[in-house]
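# Descriptive analysis of the structure
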Amino acid sequence: MSRLLFVHAHPDDETLTCGVAMAHHVARGDEVHVLTCTLGEEGEVIPPGLAHLEGDPDDRLGPHRHGELTQALERIGAAMHVLGADEAAGRLSLYRDSGMAGSPAASHAHAFAAADLDVAGALVADVVREVRPDVVVTYDEHGGYGHPDHIQTHRVTRRALELLGPADRPERVYEILTPAGWAREDRQWLRDADPALLDTSAWWSEQDLGAGSPEAPRLVVPDLVHPFPPSVVDDALVTHAVVHEAARATQNDALRAHATQVIVASEDVHALSNLVAARTTGREGFRRVDPLTWETVGGAVEPSEAGLLA
């Protein structure tokens, strides 16, 4: 049995980007841990019945999303950690969601994006020492799509690895990337998909909104030429891929737990609050990097039962 630690910024990030890899490794008997750096207090809430949580002055969205994260990881079979949490003191998280760059949340006293790298890095290093993972996974330097907390998660994880001694530092470290070939294929698939797969009414009814609730939202299919986020890269840059079709059902089950943030339209399609349809696939891409220099380690590896341990 091996141990893997996935380091993410907010609740739901772990399942959206690594749900297949996590479910794959749990299925093969590995021990999977997730460290979440904030509780996503600045998230946009989708169901009208929970809209009161968005922008709540008492930050009640954070504890609610903590509950969603707890449920999602239980469904995957992963252990949960929140950066700087102190159960004895009643503190669920030390850092707060920073929101997007330039937003009022970015100037909050506990905004994660402004956290001291040495302090936050030491906290991540403490979790690594506790878990003693064989594998650590986090975002690329762009944080996947540029969110300040995602970028900070990358920076803080790198700092943690620098602070660890050789005996505590995991040998295998990965950043999350998507091959451009997959991304183009998924866009075309969405353009050609049966409209029934994009119908959100079943998910909407599960939210139990009561009589007089608004109609289920309609998803938007992205244009083929719409720019991809920076984590979509040339196929040759992706060294590892976890492809496990059966894990997709587990990922979808976990995504349903993140009801404030994610619409699960069907087993094949999900969307965030922007209502842009995204294909749900049984595959995820990664680049293995040196834990100190962050340079690529090795070349492309064919998907195997070993997943990120290959």
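Each remark here, short or long, concerns the structure printed above.
Within every chain, residues take consecutive numbers counted from 1 along the sequence as written. Totals for whole chains, interfaces and linings use every residue, but because this is a predicted model, local features are given only for residues with pLDDT of at least 70 and side-chain atom pairs only at 80 or more, for both listing and counting. Hydrogen atoms and water are omitted, and side-chain values are computed over all heavy atoms in the structure.

## Quick notes on the nonpolar core
In this text, buried Ala, Val, Leu, Ile, Met, Phe, Trp, Tyr and Cys residues form a nonpolar core when linked through side-chain atoms within 4.5 Å. For every residue, the accessible area obtained with a 1.4 Å probe (protein chains only) is divided by the maximum for its type, and the residue is called buried under 20%, exposed over 50%, and partly exposed between those limits. Counting residues in each nonpolar core, the largest one holds 26 residues, and the members touching the most others are F6, C18, M22, V137, F286 and L308. Put simply, DSSP H or I for four residues or longer makes a helix, DSSP E for two residues or longer makes a strand, and each gets a number counted from the N terminus. Only β1 (3-8), α1 (13-27), β2 (31-36), α2 (61-76), β4 (135-138), β5 (172-179) and α7 (247-257) provide two or more residues apiece to this core. Sort the elements by how many residues they give to this core and α1 lands first, with 5 residues. Dropping the residues within four chain positions of it, F286 is found in contact with C18, A21, V137, Y174, E175, I176, L177, V238, T239, H240, V242 and L308. Whether two residues are in contact is decided by their heavy atoms, any of which lying within 4.5 Å being enough.

## Some thoughts on the packing of aromatic side chains
Any pair of aromatic rings gets described here by the distance separating the centres and the angle formed by the planes. Aromatic pairing here means that ring centres of Phe, Tyr or Trp (its six-membered ring) are within 6.5 Å. Orientation follows from the plane angle: under 30 degrees is stacked, over 60 is edge-to-face, and everything else is tilted. Counted by the stated rule, this structure contains 3 aromatic pairs. Judged by centre distance (6.0 Å) and plane angle (40°), the ring pair of W203 and W204 falls under tilted. Both residues of the pair, W203 and W204, count as buried.

## Topic: the sheet that holds strand β10 (residues 277-279)
The 3 strands are arranged β8-β9-β10 in an open sheet whose pairing can be described as antiparallel. Unpaired on one side and paired on the other, β8 (263-264) and β10 mark the two borders of the sheet. Any two strands between which DSSP finds at least two bridges are classified as paired. Relative to strand β9 (residues 269-271), β8 is paired through 2 bridges, and the arrangement is antiparallel. Counterpart to V264 in the pairing with β9 is H270.

## Topic: unusual backbone geometry
Backbone geometry places R132, a non-glycine residue, at a positive phi of 55°. Judged by its relative accessible area of 42%, R132 falls in the partly exposed class. The phi angle at L275 is positive, at roughly 65°, despite the residue not being glycine.

## Quick notes on the side chain of T239
Relative to the helices and strands, T239 resides in the loop between β6 (232-233) and β7 (240-243). Engagement of the side chain of T239 in a polar contact is seen with the backbone nitrogen of R288, the distance being 2.7 Å. When residues no more than four places from it in sequence are discounted, the contact partners of T239 are F286, R287, R288, T296, V297, G298, G299, A300 and V301. Counting of polar contacts relies on pairs of N or O atoms within 3.5 Å, with two restrictions inside protein: one atom must be capable of donating a hydrogen and the other of accepting it, and residues adjacent in sequence are counted only when both atoms are side-chain atoms.

## Details of the pairing of β2
Most of β2 is tucked away, with 5 of its 6 residues classed as buried. Both β1 and β2 contribute to a ladder of 6 bridges, which runs parallel. Looking at β2, one finds that R3 is bridged to E31. Handedness of the β-α-β unit built from β1, α1 and β2 comes out right-handed. For β2 and strand β3 (residues 79-82), the ladder comprises 4 bridges, and the chain directions are parallel. Bridged to L35 within β3 is H81. In this fold, the crossover linking β2 to β3 by way of α2 has right-handed handedness. With strands facing away from the observer, any crossover in which the path from the first strand over the helix to the second runs clockwise is taken as right-handed.

## Describing the layout of surface pockets
Every definition here rests on a 1 Å grid over the protein atoms only: cavities are sets of points where a 1.4 Å probe fits but cannot get out, pockets are open sets enclosed by protein on both sides within 12 Å along at least five of seven lines, and lining residues have some atom within 4 Å of a point. Grid points are joined across faces, edges and corners, and a volume is the space filled by probe spheres set on the points. Considering only enclosed or pocket space, the second largest pocket measures out at about 230 Å³ in volume. What lines the second largest pocket is a set of 13 residues, among which V82, A85, D86, E87 and L92 lie closest to the centre. Broken down by element, the residue count for the lining of the second largest pocket peaks at 3 residues, all from β3.

## As for the packing of α2 against α7
Each axis is a line fitted through C-alpha atoms, taken for helices only over the stretch in contact, and angles between the N-to-C directions span 0 to 180 degrees. Following both chains from N to C, one finds α2 and α7 inclined at 165°, their axes separated by 8 Å at the closest point. Looking at the two axes, α2 sits roughly antiparallel to α7. For the element pair α2 and α7, the recorded crossing hand is right-handed. The segment α2 lies against α7, with E68, Q71, A72, R75 and I76 engaging T250, D253, A254, R256 and A257. Nonpolar residues are Ala, Val, Leu, Ile, Met, Phe, Trp, Tyr, Cys and Pro. Charged residues are Asp, Glu, Lys and Arg, and all others, Gly as well, are polar. Partitioned by chemical class, the residues of the contact of α2 with α7 number 4 nonpolar, 2 polar and 4 charged. The scheme is simple: roughly parallel for angles under 35 degrees, roughly antiparallel for over 145, roughly perpendicular for 65 to 115, oblique for anything else. The sense of a crossing depends on the near helix, which, turned anticlockwise from the far helix by less than a right angle, makes the crossing left-handed and, turned clockwise, makes it right-handed.

## Describing the pattern of salt bridges
Here a salt bridge means any side-chain nitrogen of Lys or Arg lying within 4 Å of a carboxyl oxygen belonging to Asp or Glu. Using the criterion set out here, one finds 21 salt bridges in the structure. When the shortest N-O distance is used, the salt bridge between R96 and D59 registers 2.8 Å. Note that R96 is positioned in the loop between β3 and α3 (117-131) and D59 in the loop between β2 and α2, a separation of 37 residues in sequence. Taking relative accessible area as the criterion, R96 reaches 9% and is therefore assigned buried. Through salt bridges with shared partners, a single ionic network connects D126, R129, R132 and D168.

## Some remarks on the side chain of T38
Looking at the element boundaries, T38 is found in the loop between β2 and α2. Overall, T38 belongs to the buried group, its relative accessible area being 0%. A polar contact is formed between the side chain of T38 and the backbone nitrogen of G40, at a distance of 3.2 Å. When near neighbours in sequence (up to four residues on either side) are disregarded, T38 contacts A9, H10, P11, S93, Y95, R96, D97, F112 and D149.

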